[in-house]
6 protein chains.
Amino acid sequence: MPHVLVINPNANTDVTDGIRTAVQGLAGPARPIEVVGLEGTPYGIESQRDVDAVAGPLAERIAAESDRYDAFVIACFSDPGLHAAREVTAKPVLGIAQSGVLTAMALGSRVGVISILPGSIPRHWRAYRAMGVSEGVVGDHAVGASVAELADESAMGDRMLAVGRELLEACGADVLVLGCAGMAQYRAPLEAELGVPVVDPTQAAVGLAQTSASLGLLTR
Amino acid sequence: MPHVLVINPNANTDVTDGIRTAVQGLAGPARPIEVVGLEGTPYGIESQRDVDAVAGPLAERIAAESDRYDAFVIACFSDPGLHAAREVTAKPVLGIAQSGVLTAMALGSRVGVISILPGSIPRHWRAYRAMGVSEGVVGDHAVGASVAELADESAMGDRMLAVGRELLEACGADVLVLGCAGMAQYRAPLEAELGVPVVDPTQAAVGLAQTSASLGLLTR
Amino acid sequence: MPHVLVINPNANTDVTDGIRTAVQGLAGPARPIEVVGLEGTPYGIESQRDVDAVAGPLAERIAAESDRYDAFVIACFSDPGLHAAREVTAKPVLGIAQSGVLTAMALGSRVGVISILPGSIPRHWRAYRAMGVSEGVVGDHAVGASVAELADESAMGDRMLAVGRELLEACGADVLVLGCAGMAQYRAPLEAELGVPVVDPTQAAVGLAQTSASLGLLTR
Amino acid sequence: MPHVLVINPNANTDVTDGIRTAVQGLAGPARPIEVVGLEGTPYGIESQRDVDAVAGPLAERIAAESDRYDAFVIACFSDPGLHAAREVTAKPVLGIAQSGVLTAMALGSRVGVISILPGSIPRHWRAYRAMGVSEGVVGDHAVGASVAELADESAMGDRMLAVGRELLEACGADVLVLGCAGMAQYRAPLEAELGVPVVDPTQAAVGLAQTSASLGLLTR
Amino acid sequence: MPHVLVINPNANTDVTDGIRTAVQGLAGPARPIEVVGLEGTPYGIESQRDVDAVAGPLAERIAAESDRYDAFVIACFSDPGLHAAREVTAKPVLGIAQSGVLTAMALGSRVGVISILPGSIPRHWRAYRAMGVSEGVVGDHAVGASVAELADESAMGDRMLAVGRELLEACGADVLVLGCAGMAQYRAPLEAELGVPVVDPTQAAVGLAQTSASLGLLTR
Amino acid sequence: MPHVLVINPNANTDVTDGIRTAVQGLAGPARPIEVVGLEGTPYGIESQRDVDAVAGPLAERIAAESDRYDAFVIACFSDPGLHAAREVTAKPVLGIAQSGVLTAMALGSRVGVISILPGSIPRHWRAYRAMGVSEGVVGDHAVGASVAELADESAMGDRMLAVGRELLEACGADVLVLGCAGMAQYRAPLEAELGVPVVDPTQAAVGLAQTSASLGLLTR
């Protein structure tokens, strides 16, 4: 009975709620998934300082909960604190950027990523390269949404669809990843519209966490 | 309720039985996993001809079962017929080599693979390169077991331990993958002995299949 | 006296005839080249199932002819059955995708590929990556021809020219490969128009087959 | 009727003679191959200065002979003057390092190179990387022969065999390239002994030159 | 007049003093270099938690000193807080791992790294890959020193020499980097003994910081 | 007191003068920098023949001056004669292409290069690949200036700005390198306008030369 804790390391409870909804399809009576926020963290993780600031609190929280759960997911596309958390628990800890991209590579051959902010893209590429998969990532394009558009789900859906199409047509992607923990509601419509697999990274990480916990797999 | 069919594309029922045992930890009342062999196939998949010979029958079997299952796993480390099978069903189809290596990359940073036969290694490397992950694979070493040793579980365990240690020490691996569908019984002892994650590829593929089916993810 | 057999693994005799014409420049009294089709195969190789379906028959045919020829060429840009065929004969067997791209890399520095169908491109990239040359391939763009255009040689030539120019200008290619066995008649006009080397992959493979046979080189 | 000129850019006539012997298997009445040395050049190309020193004279010689031959081969494993020569003639010019490695990649999956001097190996790797094929080259090991051993063909054969075996066993190569223009006599015995393709780079380049000339291919 | 602040983000004043000595060769009346430790930090940076823990304090310190210096160097081979620090100042901030490896690539062709602890090596490789230079790094081997040996400069020198030789001979390195801020005293003897460039990463970073500050270069 | 000699290997004294101006910011009473042209060389280095032609004279000049300077910079973006020069002196010799790109990688994550002539770009890519950094270079685009525009500094600035913007927006670069020794006057305005680091390669090479000379670093 794998019991997974998903931690959203920002203070935006809408994102935490959205994640809770997104992972329901992977939960069950014998497979409980708990989703929590992290107090005292920024409202959004938008800079490297934000990433670094939550690394310590995430590792501490995971250390504190280590006995109560079987696996942990850090629900931010910068995978903050991932390697630190792995030092404080023998239970598997999964990051959503790694899990999202790697799951996509199991579903297709050429990965495109839909990001929110242009400014995050160099940080993302450092991560893809660090993972050793940059040969399989053919593009990471930002929606570049204004605040108004982010709030307007329909406008946002249109922007994401346009970026997704661009990744398929101009970059030759055949599988897409949502480059953010808070985009899960767009996954199914995008997949239906574009006809290629679209991976929500938090869902992917929860799946890997459940599998790892069920099998007794370590992380390093 | 993800219902997964795992197909062992060889005629060795011991391997089929071993896989059935190996994936029990991922099954449950609401998560049935069926494991079958494939008639008329070779006793072992040891050559490219063997790989090519089972591709068609695998795709046909998956096409025929497409309505009865939610996801499919091809349980041979050469991923035979993987892309063909994806053309005949809208359900996700996972290969164990891809799933094993990608899951390993979510658990550690530098992947080592323990293979059976030296002759398979160039084929494996073609696959790692084709996946776009060869930057993350630091070694694929064969146990090079004789027939007598393959039958002798204790001798085989010793050989695998020696190869695993070599991958950690000489190649700098920090996570291992078993490069064969029939080695699952060695996973836990190796992990315990070596202190790094050891991934059984069939387990990894079943996990990804369950996640994909639960979420409605396509494969391409 | 290298005697080469070129097998077109589809049932389209126009393609077989086109290949026969294309390789005449490499034939001579002491260098006979025979070009044959393969019965019972699809009219075109357009899917992975098609690729897998012809792998066995190709290897069988090559095994059967092994004593009568000095080298073999598999004339389909997916290199179906290549590694299987190499297991059944000690004579060199060359694939046209590998030969085309590698010959192009000996003639220029940055390879662009002109393909027919957009759907083949992920399969092509898996092959370039598997070969270990993806760093040298800067683009693979499809002509995306309709059936009418494929039949209309002049319209097709225009489309190929446009795609070639795009590969030079937008991707920085300085050498092109035709990504199909049936495009040889466009090679010389494209080269003349664009001023860069344009490689027909079947010609390239026949050249490598002749060289290998003359020298007694193995393939693996 | 492809007429190929092979230029050995050093002053060692034994090497020139050895090349002449080595390429006989590719010559014929309608396929003459001329092999010449280059006066005023060093006795051996052992340093980057040597490489640079012969670049100009090579390009000049090729410019001067451009009308008399259909293709040119620069027979030194550092490919000196290759890109300069391509600027002075519209006929194809092939380098033996490029041709040797690329031909090997058409025959096998993982290339090992047997070099003479340890000091050349960083220069070789710069070349493999520049070509975009370093992913496919798994090792370049030097024989490290003393002067006495170089003169003693039997001792040299033993050293090359030992290095070849090391590349197969420790690096996982499945095809070998001789990293020098003057080793052709060892090719066939090594291939026979090791059971993998062994490519002499000058033979490979002559083969590509003949093919290119027969087809009217440019180089860039 | 470039005024550089070097921050050693651990509490070991011996390391801080060693750095101060190491960078004297780059200082001058018009080129002052200040070297400081960081209070409240671990005695050594040995884990990812240590790395993450000092990221925030480093960025804060650099923000606080931004007006008083022209460039900053973070003197820990894990480059902690590098990208965060770049967000808080418009002055250039250099990391020693990046600077050390990149400087080495300007001096030679194949980089070997001598590290202290085996456990740091996967973290180092993530960094080399993230930088996009892993193709140029041919090995990172740990001295694996015991506490007694670390204190014994002569024993340590012997170990480093042995590891350096291994990187040259077994991995084909032609330039070395010291993978730690506290090894500078071994640089010159190693270079003298081995005959290849040996880069102290802190010196390299100070050099790049001075150049960047003199020219008004930004960092991102 | 590092005494650096910068050699412009072409006969265009305007370029030599421009370089002299460009490196003033790195000079000082105790850090003299001398900038010279090279007689008998082409007016511009525009072809591979030009590159090869100046290699020998550069190495000779550096050999002749070896005792009088502490480090040498070859101020042409093709790094002509770099490895030859390193063979003739024990003093460090830096190339501006290598130094420019590597310095850029220390300042940002994804490098874009602004070149003059489209025809140089394949040569540039061969160099980036040879250096082992092509994973970090995301684009090299030519200004494609006509002669009139090259003479017109304002028109040229506009073209460079447009190309720089294209590299940031279409290729995702976050740091730029000027791909020529004669563009230094555009560095600061481009950096101010675009808000990312812009590296003049000659300045970068002089910085690395001063650092290397101050520390007694070798080159290989």
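Values in this document were obtained by computation on a predicted structure and should not be read as measured data.

Q: Hey, could you go over the interface of chain E and chain F for me, with residue numbers and the actual values?
A: Chain E puts 39 residues into the contact, and the matching count from chain F is 39 residues. Of the roughly 3300 Å² buried between chain E and chain F on both sides combined, carbon and sulfur atoms contribute 61%. It is E:Leu107, E:Leu215 and E:Arg220 in chain E that bury the most area against chain F; as a group they hold 19% of the surface buried on that side. Connecting chain E to chain F are zero salt bridges. Our count for the contact surface shared by chain E and chain F stands at 10 residue pairs in polar contact (both at pLDDT 80 or more). If you list the elements that add at least two residues to the side of chain E that touches chain F, you get helix H3 (82-88), helix H4 (96-107), helix H8 (187-194), strand E8 (198-199) and helix H9 (201-215) of chain E. It is H9(E) that contributes the most residues to the side of chain E that touches chain F, seven residues altogether. A breakdown of the residues in the side of chain E that touches chain F according to their chemical character gives 16 nonpolar, 16 polar and seven charged.

Q: Explain the relation of the copies chain B and chain A to me, using residue names and the numbers behind them.
A: Rotating chain B by 180° about the axis while translating it 0.0 Å along that axis superimposes it on chain A, leaving an RMSD of 0.0 Å. Expressed as a symmetry operation, the mapping of one chain copy onto the other fits a two-fold axis. Taken as a fraction of all interface residues of chain B, those also at the interface in chain A reach 100%, which identifies the copy contact as same-surface.

Q: So what's going on with the environment of F:Leu178? Which residues, and what values?
A: All names here are of chain F. When you line up the elements, Leu178 lands in strand E7 (residues 175-178). Using a relative accessible area of 0% as the deciding quantity, one classes Leu178 as buried. Look past the residues within four positions of Leu178 in its chain and what remains in contact with it is Phe77, Ile114, Met160, Met183, Ala184, Arg187, Leu190, Val198, Val199, Asp200 and Pro201.

Q: Could you give an account of helix H7 (residues 153-171) of chain E, naming the residues involved and the relevant values?
A: Residue and element names in this part refer to chain E. The end-to-end C-alpha distance of H7, which contains 19 residues, comes to 26 Å, matching closely the 27 Å that a straight helix rising 1.5 Å per residue would cover. Listed in full, the buried residues belonging to H7 are Ala155, Met156, Met160, Leu161, Val163, Gly164, Leu167, Leu168 and Cys171. The distance from a side-chain oxygen at the start of H7 to the backbone nitrogen of Ser154 is 3.1 Å, and the residue carrying that oxygen is Asp152. Phi for Gly172, located one or two positions after H7, is positive at around 75°.

Q: Which residues make up the sheet that holds strand E5 (residues 111-115) of chain D, and what values go with them?
A: All names here are of chain D. The strand order E6-E5-E7-E8 describes an open sheet built from four strands, whose pairing is parallel. Only two strands of the sheet have a single partner each, and these edge strands are strand E6 (137-142) and strand E8 (198-199). Where strand E7 (residues 175-178) meets E8, two bridges bridge the pair, whose relative direction is parallel. Bridge assignment links Leu176 to a residue of E8, and that residue is Val198.

Criteria and cut-off values
Residues numbered from 1 in each chain as written. Chains lettered and ligands numbered in written order. Predicted model: local features only at pLDDT ≥ 70, side-chain atom pairs only at ≥ 80, totals over all residues. Heavy atoms only, no water. Contact = heavy atoms within 4.5 Å. Buried area = accessible area lost by both parts, 1.4 Å probe. Salt bridge = Lys/Arg side-chain N within 4 Å of Asp/Glu carboxyl O. Polar contact = N/O pair within 3.5 Å; in protein donor to acceptor, adjacent residues only side chain to side chain. Helix = DSSP H or I, 4+ residues; strand = E, 2+ residues; numbered from the N terminus. Nonpolar A, V, L, I, M, F, W, Y, C, P; charged D, E, K, R; others polar. Least-squares fit on C-alpha atoms with pLDDT ≥ 70 in both. Buried < 20%, exposed > 50% of the residue type's maximum accessible area, 1.4 Å probe, protein only. Expected span 1.5 Å × (residues − 1). Pairing = 2+ DSSP bridges.

Nothing here speaks to function; it is geometry throughout.
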